Amino acid sequence: MNLTIPNENVIDQSLDLKEIVKILEKVRYKFLIVTDKSKVVGTLTDGDVRRSILSNYSFENKAVNMMTSDFIYGLEDDSEVLIKKKLKSTGSFFLPVLNKKKELVGVVVDFVIGKESIECDVLIMAGGFGKRLKPLTDSTPKPLLPVGGKPVIERLIERLSITGFNNLYVSLHYKPEMIKNYLGDGSKYGLSINYLSEEEPLGTIGALSMVPKTKKPVLVVNADILTEVNFSNIYKQHIDSKSIMTVGVRPYTYSIPYGVMRIEDNLIVDIQEKPEDTVFISCGINIVSSQLANKINKNNFLELPELIRIAVKKGKVSQYQINEYWADIGNLEDLKLADQLYSSLTES
């Protein structure tokens, strides 16, 4: 997280309107941090100034009378994702970061992050044994295996948080306490985490039956995927399409390393040498409407293909094609490749 201390944007609370207008005309970023001695007491934007002029025009107006005193700010000990989440919640492009004495440490400026909160619960499926990742998973549950120095589930949660999701459920079975102890209540990620315990494995999507019934859809994500997809875009498409379920898919091209015969009536009519075909694979990212989720019997074993077949009979099932980076770390080779990629990004 890049923090800057823009001295030209810091003013004393006693400054009058005339001087404030002059400063705002000169500074690159149209905001001011208002201080009382070294303590930050408020923020001031050109919008605040315009409102003050319209309501009580006087060049003698002081910053302390025009500023926003109940401003949102970050703390220097906050994680990067929590800072981004706080910035998103303001709907603004800047966020002061303070120390415990409310002194200015720096300011985060980002014109891309917008105010957005997604009305959708999230269920992360984190109960698997990770058998294909043995011996690593003998001592560590798969979601906590590091990729580029950070557990895969933590990368996933950070991605969900900064794209606007606030309420997470994590289903657990294998080594649940390790995952709970690491993630906590989610506050360090700027969201809420509740845990669901699978006493017996419930299949690839059976834990959805344990999510409290609401009128909101549920985004169900496998804990062993890495992706740069914007989850909010999947949600928007799901809502716009009025689907009962949306399945995240990705094109996958495979080749057959042999000549393939086309046979009719026991006669060869053609041959295709080493053909390629493209299919769409499931990416472990699905949105299920409340209409469908609320009808799943609690603690029932359920696999994803079965739920998709049920959904197809009940309503419209849409696909969302994921073109961004996506990887499933289901085996040791895939985990190694993902770790190398994220390690190189961290170093750069």
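Going by the structure above, here's the rest.
This text gives an overview of the structure that appears in the document. All values reported here derive from a predicted model rather than from experimental measurement.

A word on the nonpolar core
Counting residues in hydrophobic clusters, the biggest one holds 34 residues, and the most contacted among them are Ile124, Leu219, Phe231 and Ile285. Of all the secondary structure elements, the ones that give two or more residues to this core are strand E7 (121-125), helix H5 (152-162), strand E10 (167-172), helix H6 (176-183), strand E12 (218-222), helix H7 (231-241) and strand E17 (276-288). With four residues, the single largest contributor to this core is H5. Leave out the neighbours within four places in its chain, and Phe231 touches Leu156, Arg159, Leu160, Thr163, Phe165, Leu219, Val221 and Ile285.

Comments concerning the sheet that holds strand E11 (residues 192-197)
One open sheet accounts for seven strands, arranged E11-E10-E7-E12-E17-E14-E18; its pairing is mixed. The open sheet has two free edges, formed respectively by E11 and strand E18 (317-321), since each of these has just one partner strand. Strand-to-strand, the axes of this sheet are offset by a mean angle of 35°, without reference to chain direction. H5 contacts E7, E10, E11 and E12 of the sheet and is inclined by roughly 170° relative to E7. Here H6 sits on the sheet and contacts E10 and E11; the angle it forms with E11, its principal contact strand, is near 175°.

Topic: the packing of helix H4 (residues 80-90) against H5
Running from N to C, H4 and H5 cross one another at 15°; their axes reach a closest spacing of 9 Å. As the angle between them shows, H4 and H5 are arranged roughly parallel. For the element pair H4 and H5, the recorded crossing hand is left-handed. Listed contacts from H5 to Val81, Lys84, Lys85 and Lys88 of H4 are Glu158, Ser161 and Ile162. In terms of residue class, the contact of H4 with H5 is built from two nonpolar, one polar and four charged.

Rules and cut-offs
- Counting from 1, residues in each chain are numbered in the order their sequence is written.
- With the structure being a predicted model, the display of local features is reserved for residues of pLDDT at least 70 and the display and counting of side-chain atom pairs for 80 or more, all residues being used for whole-chain, interface and lining totals.
- Water and hydrogen atoms play no part in the side-chain values, which are based on all heavy atoms of the structure.
- Only buried residues count toward a nonpolar core. Its members are Ala, Val, Leu, Ile, Met, Phe, Trp, Tyr and Cys residues joined through side-chain atoms within 4.5 Å.
- The cut-offs for exposure are 20% and 50% of the maximum accessible area for each residue type, with area from a 1.4 Å probe on protein chains only; residues under the lower value are buried, those over the upper are exposed, and the others partly exposed.
- Here a strand is any run of E in DSSP of at least two residues, a helix any run of H or I of at least four, and the numbering for each starts at the N terminus.
- Residues count as neighbours in contact if any of their non-hydrogen atoms are within 4.5 Å of one another.
- Pairing between strands requires that DSSP locate at least two bridges from one strand to the other.
- For helices, the fitted axis covers only the stretch in contact; all axes are lines through C-alpha atoms, and the angles between them, taken along N-to-C directions, range from 0 to 180 degrees.
- Roughly parallel means an angle under 35 degrees; roughly antiparallel means over 145; roughly perpendicular covers 65 to 115; every other angle is labelled oblique.
- Throughout, a crossing is termed right-handed when the near helix is turned clockwise from the far one, and left-handed when it is turned anticlockwise from it by less than a right angle.
- Classes in brief: Ala, Val, Leu, Ile, Met, Phe, Trp, Tyr, Cys and Pro nonpolar; Asp, Glu, Lys and Arg charged; the others, Gly included, polar.

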